[in-house]
Structures are given as C-alpha cells and as structure tokens.
Amino acid sequence: MSAPSPEAAAAELEALVSSLRSKGRDDAAFCAAQAGVFLLGERVPDGARAFAHEYKPARPRRAEAPIDEEAWFKLLAHPDDDPFVAKIFECVLAAVRSVRSVPLAKAGLHAHDAVHPARSSVAVVRALGAAAFALDAPMPLGFLVPARDSTIEALPTDPIASIAGAKVTSGRSLEELAFLAGHHMARYRPAQYARVLYRDSLTELTALFAAALRAARPQLGVDPQVAKIADQLRKMMEPAALARLERVVALFVERGTTVDLGRWIQGAERTALRAGLLLCGDLASVKSALPLLESAPRDALSDLVPFAMSEAYFDLRQRLGIALWPDHPVATEAPPEHVRSSPSVFPPPAELDEAIARAEAAEAVEAASRAPDAIVVDERAPRSSADESGPHLVFEQELETIVFSAPRVPSDLGEVEHPVETRASIAPPPWTAGENTSVDRPTVVDPQPSLTQRLDELRAALDALDDEGERTEIAQWIIDLVPALRTAYARSPADFDVSVVDESSPMARAIHDAARWLSITPPIVSLVEGLGSLWSAPPSTPALVLVDPELDRALSASARRWLAAECVAQFAVRRLPMRLAPTPMLLADAAVAVATALGQDMSDESEGSSAHGIARAVAADPTLREALAPLAARLSPTVFRAAVLRWTVSAERGAVRQAMALCEGDEGEDEVFAARPFRTGFLSPDEWRALVAASRSLPALAAARAALHSESPNR
C-alpha cells in the first residue's frame, strides 16, 4: 500500500487533533499536533501548527512521579524488549556485578570529583538527575570530562558511575540533553544494566543467559563451560534472588518461545530511546541528538514517531505528571505511593551522598593498605590498582577493554563558584513572598505628591493608545473571565523549573523600567539558555517572562526598551486573558463554551477539556453568571468566536502602541522586527509593520511621549 499524500495526511492529522480535543484530551492533541508538525512541516494545518507552537514548553517538564515497573514494560518497552529476558538478567545482576564491576580508581576516577546534580548548575548533570527520578533509576556518580570527545558513558564500576564528555557539556539544547539523559539512565535500570557490564556483547550475553537458565534448572543440558558458570551463579546468588530467578525461568519455559538475544539488545536500545523521547517531548530535538548515539539504530525514528502519537505515550505523560493538561482518568487520581516491584542492587537516588562517602572511605582504606607506613594519606595522589581475586564469569575481557583512564576533574561537591548559582536573588524565590505578587495589582510608582498629577496624566495618555477593540462590550466580557482562566491555565513559576530569578540582565532592567511607567507589577524574569526566542511568557501567576540571554546581549538599548515595553504591556489588566489562555484559539474555545453553558444545564461532567472546565466554573459562580449571561444570550457561538479573535488582535495593537510611546523615538524598527517573537494568531509580521507605520502619526502617541518626558526630564 502506498503512503498517503501530504494533503491526506494533513487532513487526517487535523481530524485526529480535533477528535482528541473534543474528547477533552488536550495533551494528547498537543502531542499529535507536535508530531504532525515534525512530519509535515509547512503542510501541517494551521490549527494544529498553532496548537503545537503556542503550547510548546520553554524547557522539558520534570516528572512529578517516577515510572513504575508495570508501566515500563506495558507502555514504554519496545515489543522486541522481551520482559522475560530482561527479568532473567535482572535476577542475576547482583552476582554478576560482584565480579564484573571494577573500582573507580581503575577507571582513573575518584569519588571526591563526582558532580552532584542537586548542587551543580551544569545542564547535563541536572538532566541526569531529573532522568534518574523519572525512570526510577539509580543515580550514578557523575564526572565531567570536557577533554573527552564523547557524550555520556556508563562505566562498569562500583559504585556505578557515568562520565559526560565534550559533546554534552556545552552546545546542546535542554531538550537534547533531556533525550540523551533519558536514553542513558534507562541503561541503569536493573533489567538493562547487563548491557553496560558486557558492552552489548552478543556472545557474552548469550552465554550469561544460558547460564542463568541452567542455574534455575540444573537439569537443563548446556555446554560444559556454561554449566560451570551456572554453578558459580548458584553459589554466589542470595537465596531470595535464586528463588525469584527460578520463578521467572519457570514462566519463561512455560511460555515456550525461542529467544533471540541480538533482537533483545536492539529492543532494549529502542526502549531506552523511547525513554529519552518521553523526557524530551520534542521529536525535532531527538532527531538532532540521535547522531550522537553510536548504539542507536539508523531507523530509530521509524519507531519513535509512531510512539510519540500512541496511546501508550499519552498515558505515560499523564502518569509521570509531564502532561500539559490532566486530560486522562489516570491523572485525576492521586498518584499511588511508588514501591519498587523488586529489590534493587543499586542504591536509590536519595542515597547518592552516602554512596560517595562509602566510595571515598574505600579509596582511603585501599590507599592506606598500599602505604602502611604513611601517617597521612593524600586522597588526591595518583593511585595504582590492587590485584583482583575471585571468580570470573563469561569470557572475562582484559581490563583495558572494560575501563579507561579519564583525566582528573575538579570536585563539584563543595562550594559552587558559578555566577548563576551565587546570586542572592535565588533564595527565596519572589513568588513565595505572599499575596503581594499579583499580576494585575498596580505598582506604586512614586509616593511623592509632587509627581502624582503628572503620573496621572502619563497613565491617561498611555490609556489613550488602547486600540478601539479593547473598549468594546465583548472586551469587558472577556476580561470578566480572568479568574476562571487563571484557575484553568495559569501555573506557578516553579512548574516551569525556574530556579534562578534574574534582576540584573539588560532585558530584566528594561522590563522593570517599562513596568514602572505602565503601572504594572514587574513580572518575574528568568534567563533560559537556548530558548530560541528573545522572550516567552507562559501562563503563570505571578507573571513570568523567560529570556534568552544570548539574544538579549545582541540587542541595542533602544530595541531592547521597545521589546521589553511591548512584553510588559501585555500584562495589563485588560490584556490578561491574552496572556493566560494564551492562544486566541483556546481563548475563543473557552468563550464559546462559557456562552453555551450559560444557556444550558452544565451537570454533565463527561467533557474534560480546559474550555469545558472554565464553563463549569463560570456556571457555578452566581456573580459571574449574572454578569456574563446577558451578552451570551444575545450573541451566537459563532459571533463569540469571531469577536474573541478580533479582540486578541486589538489587545496586541494596543500593546505595540504603548511600547512605542516608551521609546526615545522610532529608531531600531528593523532590529525590533527581527527580534520580536511573533505568535501565531496575533499580528502577522506585515500587520505589525503596518501598525508601526500608521502609529507614528497618531496624536495620542505624541501626547504620551510628551507626558513621559514631562514626568522624567532626565530619562
């Protein structure tokens, strides 16, 4: 059967997105729209493109709960990742690790050089910590080795350890790092860690698997060498682990299917890639990062793209708490307390500090045993490896092929001297300061009585720049929806993983100045490397603005002042719906749902979309219902939708005019045009240029500038 034409695929995507949204599954619709944009590019329908672009998070969302064992194998695992094979390897892992793992010192590493994810500002380290939690994997000791031309490598050491090379310590987006970290940490789950110990060697893993079967069922006929290894396994395994292995092997034999270990290795790799996609959430970033993974199959995207549009993927996002909206029954219930389905041979992530301490103590004992006459042992001196003794399993390789010598790196466990993490502004975050951070609460600009009259004149002059559509009856009707919109869409800045608040960057200062002149509470400003747009304002209470520092530094002062003023002007009370929805499409959906709800019974709880949630909230509020019902009774849903879309354009026009008033002049228009984050559904680039050209001759603009300079002659 031939592949569908792009037109047919676009129509199918549009139908899928519409169907999911009509069922209240907004996050599933968002995922489908994102995958459609990745596949179809410019051919994607406008509605799906707007939905995908407007709600794309500024950075990967962090999981609120870890994946459990059932979800791993039923929802995430690739069909070739045979759970019986994985569980058999997991049962013998403790015994295998005891003879295959090597001390850190033999890899040229020392525990005191480990980088702790909770104390480091390095993006890849933090990504590894987030992935360890999300995938319920143990957190290895992490080492930064920028001189090594590699990505992230897992070492067969005790304690477990990973090193991050030059390919991930700089130059990668947060989405790419989330994908690489998820792929990497999947290998630390007990069911996959045998791949690390044996470097995906098909010969050795096949022999180990056969030995595990023989260890559970001594009557099985196997090669003499495999039988010898099986005897070693039985002697080394704890009784509980051996009993569990016998149960798993019994089920495996009862199933009666053949096993292809090469196929399992590839299936486990595809599972790890799926884990990376789940934590990244962006197929384009996955595609750009895939060439960095030597183990990834060439056709990896042929599995990842369908997975990104599957019910399993949608379900996993809900279970982990990384969905944008809780649109699935799983998400409406409190997540159960997470319990491991089987004991782990690794320490849990919370015990990383203890693992480091134990490793350092072991290193000190080893160093002291090699130098018994020394009174003081230098922990940072070069160390030689002691000879190992004990049994060897399955074609033991030479040590040089298992580990390597890595250069020493400075410790990151003490005081972190980094300009981002030492700013006093990061503790406590301003959004924890109480109720004095409301988005729409006016700021006291200056208490001096001598300035009051001129400030009133300035406010009146700026208000005169509002667009005509901002003063209509439908505009006030939309503004009345703000409480319901805030409840439905706005989140805390903490939900966007904003750990550092910036107050000193050029854009932050420009935003604070603009907020002062517009009498608006300044939003929280956070720098986000690699944001890709000068600024982004996700729906949040209090208001949050994410700024790309690299793009900010490239701006001239006049262009920055203009862009900051336009950003802040959109947080005025009368424009809050535009920021809270934040797309015209979703705002129109909410308005239509409210107008419809006011004329009918809203007792039906089957609709789960955010728009219907807003409608139910309004219908249940007597005050809101009384205020909004008269207009809803006069206008049809079609008229409401069109009126809301027109209002969003008017709100944007008013913000642009007020931004122009706060600038010294009209210089820098081309620079502003190039840096302005145009959003789908608002002013198009051509409309923006036409508005700027027409606004220059407005008497109201001249009056506002005159009032501003009268208030502050030295500005």
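Here goes a summary of the coordinates provided.

## A word on the pattern of salt bridges
Here's step 1: Taken as a whole and judged by the stated rule, the model has 38 salt bridges.
Here's step 2: Between D200 and R195 there is a salt bridge whose closest N-O contact spans 2.8 Å.
Here's step 3: In this structure, D303 engages R274 in a salt bridge whose closest nitrogen and oxygen atoms are separated by 2.8 Å. Pair noted here: D303 is in helix 16 (residues 300-308) and R274 is in helix 14 (residues 261-280), with a separation of 29 residues, a long-range link. The same class applies to D303 and to R274, which are both buried.
Here's step 4: In this structure, a network of salt bridges that share partners links the residues E69, K87, E90, R189 and R244.

## A closer look at the nonpolar core
Here's step 1: Counting 153 residues, the largest nonpolar core has L245 and W477 as the members making the most contacts within it.
Here's step 2: M660, L662, C663 and V672 belong to the second-largest nonpolar core, a separate cluster that totals 47 residues.

## Brief notes about the sheet that holds strand 5 (residues 161-164)
Here's step 1: Taken in spatial order, the three strands line up as 2-5-3 in an open sheet, and their pairing is mixed. The open sheet is flanked by strand 2 (141-144) and strand 3 (152-155), the only strands paired with a single partner. When strand polarity is set aside, the average angle formed by the axes of neighbouring strands in this sheet is 25°.
Here's step 2: Two strands pair when backbone bridges link them, and strand 2 and strand 5 are joined in this way by four bridges, in the parallel orientation. Bridge pairing in strand 5 places G142 opposite S162.
Here's step 3: On top of the sheet, helix 9 (residues 174-186) reaches strand 3 and strand 5; it is set at about 15° to strand 3, its chief contact.

## Topic: the packing of aromatic side chains
Here's step 1: According to the stated counting rule, one finds 15 aromatic pairs in the structure shown.
Here's step 2: Seen in terms of ring centroids, F84 and F252 are 6.4 Å apart; in terms of plane orientation they differ by 50°. Their pairing is tilted. A residue pair is termed long-range when its members are at least 10 positions apart, and F84 in helix 5 (residues 83-91) and F252 in helix 13 (residues 239-255) qualify at 168 residues.
Here's step 3: The class of F252 is buried, set by a relative accessible area of 8%.
Here's step 4: Of the aromatic side chains, those joined through ring pairs into one cluster are F84, F89, F209, F252 and W264.
Here's step 5: The side chain of R189 reaches across the aromatic face of W72, ending 4.1 Å from its centre.
Here's step 6: When the ring centre of W517 is taken as reference, the NZ or CZ atom of R516 above it lies at 4.7 Å.

## Structural notes on unusual backbone geometry
Here's step 1: Cis geometry is adopted by the peptide bond preceding P159, which originates at D158 and carries an omega value of 5°.
Here's step 2: Relative to the helices and strands, P159 resides in the loop between strand 4 (157-158) and strand 5.
Here's step 3: Between T541 and P542 the backbone carries a cis peptide bond, its omega angle lying at -5°.
Here's step 4: On the secondary structure map, P542 appears in the loop between strand 7 (535-536) and strand 8 (544-547).
Here's step 5: In this structure, D136 is a non-glycine residue whose phi angle is positive, near 55°.

## A word on the pairing of strand 3
Here's step 1: Of the two faces of strand 3, the one lined by I152 and A154 and the one lined by E153 and L155 are each fully buried.
Here's step 2: Pairing of strand 3 with strand 5 involves four bridges; the strand directions are antiparallel. Its bridge partner being in strand 5, A154 is matched across the sheet by S162.

## Observations regarding the sheet that holds strand 8
In sheet architecture, strand pairing relies on hydrogen bonds along the backbone and comes in two forms, parallel and antiparallel.
Here's step 1: Read from one edge of the open sheet, three strands run 6-8-7, paired in mixed fashion. The outermost strands of the open sheet, each flanked by one partner alone, are strand 6 (524-527) and strand 7.
Here's step 2: Alignment of strand 6 against strand 8, held across four bridges, turns out to be parallel. Bridge pairing in strand 8 links I524 to L544.

## What to know about the environment of A240
Here's step 1: Relative to the helices and strands, A240 resides in helix 13.
Here's step 2: Taking the C-alpha atoms as reference points, A240 and C91, 149 residues apart in sequence, are found 9.7 Å from one another.

## Some words on empty space enclosed by the protein
Here's step 1: This structure, assessed with the given rule, holds six cavities of 30 Å³ or more.
Here's step 2: Surrounding the largest cavity, 17 residues form its lining, P57, P60, C280, G281 and R317 being those nearest its centre.
Here's step 3: Residue classes in the lining of the largest cavity are distributed as nine nonpolar, two polar and six charged.

## Some words on helix 25 (residues 557-569)
Here's step 1: The terminal C-alpha atoms of helix 25, which comprises 13 residues, lie 18 Å apart, in line with the 18 Å expected from a rise of 1.5 Å per residue.
Here's step 2: With 11 of its 13 residues buried, helix 25 lies for the most part within the structure.
Here's step 3: Every buried residue of helix 25 is listed here: S558, A559, R560, W562, L563, A564, A565, E566, C567, V568 and A569.

## Observations regarding the packing of helix 5 against helix 11 (residues 202-216)
Here's step 1: Interhelical geometry of helix 5 versus helix 11 gives an angle of 80° and a closest axis separation of 10 Å. The orientation of helix 5 with respect to helix 11, classified from their angle, is roughly perpendicular. Contacts between helix 5 and helix 11 involve V85, I88 and F89 from the former and L205, L208, F209, A212 and L213 from the latter.

## Describing the environment of R195
Here's step 1: Looking at the element boundaries, R195 is found in helix 10 (residues 194-197).
Here's step 2: When near neighbours in sequence (up to four residues on either side) are disregarded, R195 contacts R187, D200, W264, I265, A268 and E269.
Here's step 3: Polar contacts involving the side chain of R195 include one to the side chain of D200, which spans 2.8 Å.

Analysis parameters
- Residues numbered from 1 in each chain as written.
- Predicted model: local features only at pLDDT ≥ 70, side-chain atom pairs only at ≥ 80, totals over all residues.
- Heavy atoms only, no water.
- Salt bridge = Lys/Arg side-chain N within 4 Å of Asp/Glu carboxyl O.
- Helix = DSSP H or I, 4+ residues; strand = E, 2+ residues; numbered from the N terminus.
- Buried < 20%, exposed > 50% of the residue type's maximum accessible area, 1.4 Å probe, protein only.
- Core = buried A, V, L, I, M, F, W, Y, C linked by side-chain atoms within 4.5 Å.
- Pairing = 2+ DSSP bridges.
- Axes fitted to C-alpha atoms, helices over the stretch in contact; angles between N-to-C directions.
- Contact = heavy atoms within 4.5 Å.
- Phe/Tyr/Trp six-rings, centres within 6.5 Å; stacked < 30°, edge-to-face > 60°.
- Lys NZ or Arg CZ within 6 Å of the ring centre and 35° of its normal.
- 1 Å grid on protein atoms, 1.4 Å probe; cavity = no way out; pocket = protein on both sides within 12 Å on 5 of 7 lines; lining within 4 Å.
- Points joined across faces, edges and corners; volume = space filled by probe spheres on them.
- Nonpolar A, V, L, I, M, F, W, Y, C, P; charged D, E, K, R; others polar.
- Expected span 1.5 Å × (residues − 1).
- Parallel < 35°, antiparallel > 145°, perpendicular 65-115°, else oblique.
- Polar contact = N/O pair within 3.5 Å; in protein donor to acceptor, adjacent residues only side chain to side chain.

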